[in-house]
Amino acid sequence: MWQIRPERPEDADKIEKLVIASFGAGRFAKTAYRLREDAVPVEGLSFVATSDAEGALESGALVGSVRFWHLDIGGTPSLLLGPLAVDPALRGKGIGIALMQKGIDEAKARGHESVILVGDEPYYAKVGFARLPPGRFKLPGPVDPARLLGLSLKAGALLLQSGEVKRGLPR
Ligand SMILES: CC(C)(COP(=O)(O)OP(=O)(O)OC[C@H]1O[C@@H](n2cnc3c(N)ncnc32)[C@H](O)[C@@H]1OP(=O)(O)O)[C@@H](O)C(=O)NCCC(=O)NCCS
């Protein structure tokens, strides 16, 4: 069994280890990383999954993490989702979806209007993400257009957004 709870300051090192194990050192070169470099995650939207004692895992072991970041898209606020990582030993049990859904629900409740990310469409479509129209969003580096995905939290929000995607400031 596993649970989702808000991230706490003391989780930081374990999250770092999980992200390194999931994405490797190459993550620094990625365009999405540039959008969160030296930034702080959005208040109240970082969640972790913890596991009950199971196999080699001790009770309360951190087994998943999701964070969101402020973006500015052509002068309007948005969010970036990522990294999302789940311990390889516990993949395929719904933890990744549950972490994302928790963050999305909370973002909506807090009045955020849209979320974008770079990732596998078949996976993120499970929580409502869809491919963004090619050419409308200019990121600070190369991105495969088939992996640039978005989700409007307020109806039609992303239809009204376009332009340069930069790091944003907390509202
Ligand atoms: C991607 C990741 C977060 C998924 O976490 P998870 O807890 O195993 O995912 P869930 O259990 O919530 O969802 C599993 C479902 O998603 C599917 N799925 C998982 N990864 C997928 C992918 N990359 N593309 C398409 N479908 C995927 C599984 O087949 C499964 O489908 P089913 O429910 O129909 O059987 C995890 O595998 C991970 O940490 N990977 C390494 C880091 C990474 O790649 N992050 C995301 C980058 S796109």
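Here is what the cut-offs are and how they apply
- Residues numbered from 1 in each chain as written.
- Predicted model: local features only at pLDDT ≥ 70, side-chain atom pairs only at ≥ 80, totals over all residues.
- Heavy atoms only, no water.
- Near = heavy atom within 4 Å.
- Polar contact = N/O pair within 3.5 Å; in protein donor to acceptor, adjacent residues only side chain to side chain.
- Areas by Shrake-Rupley, 256 points an atom, 1.4 Å probe, with all protein chains shown as cover.
- Helix = DSSP H or I, 4+ residues; strand = E, 2+ residues; numbered from the N terminus.
- Nonpolar A, V, L, I, M, F, W, Y, C, P; charged D, E, K, R; others polar.
- Pairing = 2+ DSSP bridges.
- Core = buried A, V, L, I, M, F, W, Y, C linked by side-chain atoms within 4.5 Å.
- Buried < 20%, exposed > 50% of the residue type's maximum accessible area, 1.4 Å probe, protein only.
- Contact = heavy atoms within 4.5 Å.

(A) Main features of the site of the ligand. Near the ligand there are 18 residues, and of these Val 86, Gly 92, Gly 94, Gly 96 and Asp 120 occur at the shortest range. Separating an oxygen atom of the ligand from a side-chain N or O atom of Arg 91 is a distance of 3.4 Å. Take Asp 120: an N or O atom from its side chain is 2.6 Å from a nitrogen atom of the ligand. Taking 890 Å² as the accessible area of the ligand by itself, protein coverage stands at 65%. Mapped by element, the contributors of at least two residues to the shell around the ligand are helix H1 (12–23), strand S4 (76–86), helix H3 (95–109) and helix H4 (121–124). Grouping the constituent residues of the shell around the ligand by class yields 9 nonpolar, 5 polar and 4 charged.

(B) Spatial organisation of the pairing of strand S9 (residues 163–167). By the bridge criterion, 3 bridges tie strand S3 (residues 61–73) to S9 in an arrangement that is antiparallel. Considered in S9, the bridge of Asp 72 is made with Lys 166. Bridging between strand S7 (residues 137–138) and S9 involves 2 bridges; their strand directions are parallel. Paired with Phe 137 across the bridge in S9 is Gly 163.

(C) Local environment of the nonpolar core. Core analysis: the largest hydrophobic core is formed by 25 residues, its most contacted members being Phe 68, Leu 81, Tyr 124 and Phe 129. At the level of elements, strand S2 (47–51), S3, S4, H3, strand S5 (114–118) and strand S8 (148–152) are the ones that each hand at least two residues to this core. Counting residues per element, this core draws most heavily on H3, which supplies 5 residues. In this structure Leu 81 touches Val 66, Arg 67, Phe 68, Met 100, Val 115, Ile 116, Leu 117, Tyr 124 and Phe 129, once residues within four positions along its chain are discounted. In terms of nonpolar packing, the next biggest core, distinct from the first, is built from 12 residues, Leu 80, Ile 116, Leu 132 and Val 165 among them.

Function-wise, these values are silent; they only describe arrangement.
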